[in-house]
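If you want the building blocks of each chain, they are given just below.
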Amino acid sequence: MKKEMNKIYNPGEWEDDIYEKWEKSGYFNPDNLNLPENAPNYTMVLPPPNITAKLHIGHASMLAIEDLFIRFHRMNGYRTFWIPGTDHAAIATQNVVEKKLLKEEKKTRHDLGREKFLEKVWEFLNETQNTILNQTKKMGSSLDWSCQAFTLDEKRQEAVKKMFGDMYNEGVIYQGERVINWCPRCQSTLADDEVEYKEQQAKLYTFRYSKDFPIAISTTRPETKLGDTAMAVNPKDERYKKYIGQTINTEFCGQKLNIKIIGDISVDMNFGTGALGVTPAHSIIDSQMAQKNNLPTIKVINEQGLIKENFGKFSGQTVLQARAMIVKELKKQNLIEKEEEINNNLSICYRCDTPIEPLPSKQWFVSVDKKLDRLNGKSLKEKALEVVQEKQIEFIPDRFTKRYMDWTSNLHDWCISRQIWFGHQIPVWYKDNDIRVGDKPQEEGWIQDPDTLDTWFSSGMWTFSTLGWPENFVNNKKINELEKYHPTQMLETGYEIITLWVSRMVIMSLFALNEIPFEKVYLHGTVLDKNGKKMSKSKGNGIDPLDVIKEFGTDALRLSLLIGNTPGNDMRYSEEKVASNRNFINKLWNISRFIITNTDDLSDNYDKSNLNLSDKWILNRLNNLIIESRKNLQEYQFTLAGDKLKDFTWNDLADWYIEAKKFEKNDDNNKILIFILKNILRLWHPFIPFITEVIWQELGEKETIMIASWPQDINVSFNSEEQDFELIKEIIVAIRNARFVNKVEPGKKIKAIIIAGNKESLIKEQKYLIQNLKTGISEIEFISANTEPDKNNIILINVGSIEIHLLGAIDEEKEKMRRNKEIENLNKIISVIENKLANNDFITRAPAELIQKEQEKLKNYQIELEKIKNNI
Ligand SMILES: [Zn+2]
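Below is a summary of the structure that appears in this document. (Residues numbered from 1 in each chain as written. Predicted model: local features only at pLDDT ≥ 70, side-chain atom pairs only at ≥ 80, totals over all residues. Heavy atoms only, no water.)

Re the coordination of the zinc ion
Surrounding the zinc ion are the protein donor atoms Cys 183 (SG), Cys 186 (SG), Cys 349 (SG) and Cys 352 (SG), which sit 2.3 to 2.4 Å from the metal. Considering all four donor atoms around the zinc ion, the spread of angles at the metal, 102 to 114°, places the coordination shape in the tetrahedral class. Read in sequence order, the donor residues coordinating the zinc ion give the pattern C-x2-C-x162-C-x2-C. Of the two residues, Cys 186 is situated in the loop between β5 (173-183) and β6 (188-190) and Cys 352 in the loop between β13 (336-349) and β14 (357-366); the sequence distance between them amounts to 166 residues. What makes Cys 186 buried here is its relative accessible area of 3%. (Donors = N, O, S within 2.8 Å, 3.2 Å for Na, K, Ca; no water. Tetrahedral: all angles 85-135°; square planar, octahedral: opposite > 155°, others 65-115°. Helix = DSSP H or I, 4+ residues; strand = E, 2+ residues; numbered from the N terminus. Buried < 20%, exposed > 50% of the residue type's maximum accessible area, 1.4 Å probe, protein only.)

Shown next as structure tokens:
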């Protein structure tokens, strides 16, 4: 009995059930794949989304790409393992909850206290976490949920404590006083790459500390000069050479300063006055200069962004107030030599846009330069460079290798402590002058360090903390899953976190396991709106993937996020694109429905000895498609693969092959169609998993398509037949076009006379296709090249060396009427312009340019008229 299938594919009716079936099948878990012992691994961690908010379209794009990689490898016999999880995102989450608290309850975290506040955070994140998991499943992600992790769950807390302890014991983690980036609003340290820059106009002041000070300096921040302890000049600078080594005591706006003049070749003699006031407490560069020259550090600005005590009338003022007061005072004393507007980059907090204050502070650091026994005497930085140089890790696209190398070469010690409450609390305990690191001491009286760890510390351990490190690392040997799956094969993530996350994962893995965390890094771009703008909730152009899925289905969304997406480049998203892909999904459904419901035999073992030209053509095309799309996907060029698949499905299969089959008699027609369908469903599956699964089941397959094998080469060689059929297609298209261009009435039957040369027998054989595939050809006659055909009332077309004459295509009477109408219209237009140009008023008043334009127009219309008359 022939099958019935719904006329329309409605994704909402199928998707949830299918996902549930996949989950129940157990095949998301690599252990259930029944693979041979020596099957290669394909392991990937999901970059854990922040639990600050539900997923946006950028996440949807990431999930689509990663699931495509995973499904493709699973079908190719890899032991495929994709590890899910979420990120607690310390500072980001704390900010969201703080804002919420202020808005809803008009309270700050200090009003609640640490414990109560953290309860609020956990409440919030349980909610968002559920939303995120639901969204992730809706996208069709084939993640192994049995090993779901969270960067702040118990196992990861244990891992973080162990890592911190190990690093501390080897002197990699240390506490030190450093000038760090401080956000006075978040009340926390920021890592170098959590600082953003905003171009702004600023005033650059050039002045002397006092009347008798011999050298002037330039700065945009005069208030920090209260903390100057030196002045740096270039030792080659003839103007200032003689002062080097001297210490000059002076008074700056009522405050005593002892300024040592130091020589430093990095000072640019041509910038400003060629002299630099050195403020060790409030500039990272100056603090390094101070270290080299043993200069004292005087802290001027406190953690609240106010001037500290002991600075007279300036104490307690904000930075901006103090700046205004100092400028006023300098003016009064007539010390300002120059005041100019310049453009400079203001450092701001990446979370709240507040200007950063560089401040000296006691913090925990990871040393990247300490030589380590476990790395054969190399430092983490050296080793992190080496593994990429040796191509143990490869970046896709390759241009990001340079970004990684540049950034890593300039890496400074990593400040890992944050003065916030939410996150991994630093596993250090104090009692009087004692310090314990790692686990909480059993005895009473120990107080834990109140700070928490930089969020990237725990997410940096993601590849191995999710695989059971440290339990699965015994006597420096990996066991269990850690042994089986680490290093992972692929990390797929956004290029914007190559420094924040990717490089830190390398460092953490090198320290913990002395091996790389992943072999390849695929970097995707940002999804922009259709106008090329960044999407965000506040701009109102943000999109919830669930809304799109509800309207168009997951497959249409996935396809829109995959095709057109290329490594390392931003891509544009538009609803029009999703709608058009939804139409494609429907097309695929209709093609399948046509094939499946037309036969009661769903087998695909067609007779290879009994093939038409069109069969050979489509089989050859399919074979090339299988080979090329496999190569494209292996090289992560999924846009190319998707375009080819779409072209084959829509053009080759639907528009040509299925149409041709309606006129070709072959007992095996349906078997070939089933064969093609089974192949393209598997080729399509990694892109559009849901509909391919539905149709696969309609074909009577018992197992899920998810573990069906990727199509094998078909082992056909019909290249010349493919070319022959392409020629037939070209002839058909040329006739259709000629009818369209010459406005031949759609229903009208016309006769074709063909001079085909050596292609005559081919065309004769395929005559029925040329006549039947929407060409309106009633009859075909073949004549030889030296016969002169009747040249009246014909349309002549050439396809390569083949000449085709279409007879009776043009209706002489109608054509004449049409031309006369055209002549009449042109005459009217010409006389209007002629009158205009004869009008004195117009000629004298109109600009010369306009007159010239009108004259040109007139000339063109006259030429056109001439042409039509000549044709007659
Ligand atoms: Zn901030």
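That was the structure; now back to the text.
Side note on helix α17 (residues 575-597)
Along its 23 residues, α17 runs 32 Å from first to last C-alpha, staying within 8% of the 33 Å computed at 1.5 Å per residue. Along α17, the residues classified as buried are Val 578, Asn 581, Phe 584, Ile 585, Leu 588, Trp 589, Ile 591, Ser 592, Ile 595 and Ile 596. (Expected span 1.5 Å × (residues − 1).)

Let's talk about the sheet that holds strand β12 (residues 275-278)
Backbone hydrogen bonds are what pair the strands of a sheet, in a parallel or an antiparallel way. Here we have four strands laid out as an open sheet, ordered β10-β11-β9-β12, and mixed in their pairing. This sheet does not close on itself; its edge strands, each paired only once, are β10 (247-252) and β12. Strand-to-strand twist of the sheet, defined as the mean angle between neighbouring strand axes without regard to direction, takes the value 30°. Across four bridges, strand β9 (residues 230-233) lies against strand β11 (residues 255-263) in parallel orientation. Within β11, the position partnered with Ala 232 by the bridge is Ile 262. (Pairing = 2+ DSSP bridges. Axes fitted to C-alpha atoms, helices over the stretch in contact; angles between N-to-C directions.)

A short note on unusual backbone geometry
With an omega of 10°, the peptide bond between Trp 469 and Pro 470 qualifies as cis. Along the polypeptide, Pro 470 turns up in the loop between α12 (462-465) and β22 (473-474). Here the amide bond leading from His 486 into Pro 487 is cis, since omega sits at 0°, within 30 degrees of zero. Tracing the chain through its elements places Pro 487 in the loop between α13 (480-485) and β24 (488-494).

Focus: the sheet that holds strand β16 (residues 414-415)
One open sheet accounts for four strands, arranged β6-β5-β14-β16; its pairing is antiparallel. On the outer flanks of this sheet lie β6 and β16, each paired with one strand and no other. Note that β14 and β16 share two bridges and pair antiparallel. In the sheet register, Phe 365 faces β16, and the bridge partner there is Cys 415.

Observations concerning the pattern of salt bridges
For the coordinates displayed, the defined rule picks out 53 salt bridges. In this structure, the salt-bridge partner of Glu 339 is Lys 203, at a minimum N-O distance of 3.8 Å. Here the residue Glu 339 occupies a position in strand β13, and Lys 203 occupies one in strand β7 (residues 195-207), the gap between them amounting to 136 residues. The class for Glu 339 is partly exposed, based on a relative accessible area of 34%. On the basis of relative accessible area, Lys 203 is assigned to the partly exposed category, the value being 34%. Where Glu 854 meets Lys 857, a salt bridge forms, and the shortest distance between an N and an O atom there is 3.3 Å. Within this pair, Glu 854 and its partner Lys 857 are both found in helix α27 (residues 848-871), separated by three residues, close to a single helical turn. Judged by its relative accessible area of 39%, Lys 857 is partly exposed. Put simply, Arg 221, Glu 223, Arg 323 and Glu 357 are held in one network by salt bridges that share partners. (Salt bridge = Lys/Arg side-chain N within 4 Å of Asp/Glu carboxyl O.)

Digging into the packing of helix α1 (residues 11-25) against helix α21 (residues 689-698)
Between α1 and α21, the shortest axis-to-axis distance is 10 Å and the interhelical angle comes to 80°. Taken as axis vectors, α1 and α21 run roughly perpendicular relative to one another. For the pair α1 and α21, contact is made by Trp 14, Glu 15, Ile 18, Tyr 19 and Trp 22 and by Pro 689, Phe 690, Glu 693, Val 694 and Glu 698, respectively. Class assignment for the residues of the contact of α1 with α21 results in seven nonpolar, no polar and three charged. (Parallel < 35°, antiparallel > 145°, perpendicular 65-115°, else oblique. Contact = heavy atoms within 4.5 Å. Nonpolar A, V, L, I, M, F, W, Y, C, P; charged D, E, K, R; others polar.)

A look at the packing of aromatic side chains
Considering all chains together, one arrives at 32 aromatic pairs under this definition. Here the aromatic rings of Phe 584 and Trp 684 are separated by 5.2 Å at their centres, their planes lie at 50°, and the arrangement is tilted. Of the two residues, Phe 584 sits in helix α17 while Trp 684 sits in helix α20 (residues 669-684), which places them 100 residues apart along the sequence. In this structure, Phe 584 and Trp 684 share a single accessibility class: buried. In textbook terms, an aromatic cluster arises when at least three aromatic residues are bridged by ring pairs, as seen for Phe 164, Tyr 168, Trp 364, Trp 414 and Phe 457. Taking NZ or CZ as reference, Lys 137 lies 5.0 Å from the ring centre of Trp 145, over its face. Over the ring of Trp 414 we find Arg 504; its NZ or CZ atom is 4.5 Å from the centre of that ring. (Phe/Tyr/Trp six-rings, centres within 6.5 Å; stacked < 30°, edge-to-face > 60°. Lys NZ or Arg CZ within 6 Å of the ring centre and 35° of its normal.)

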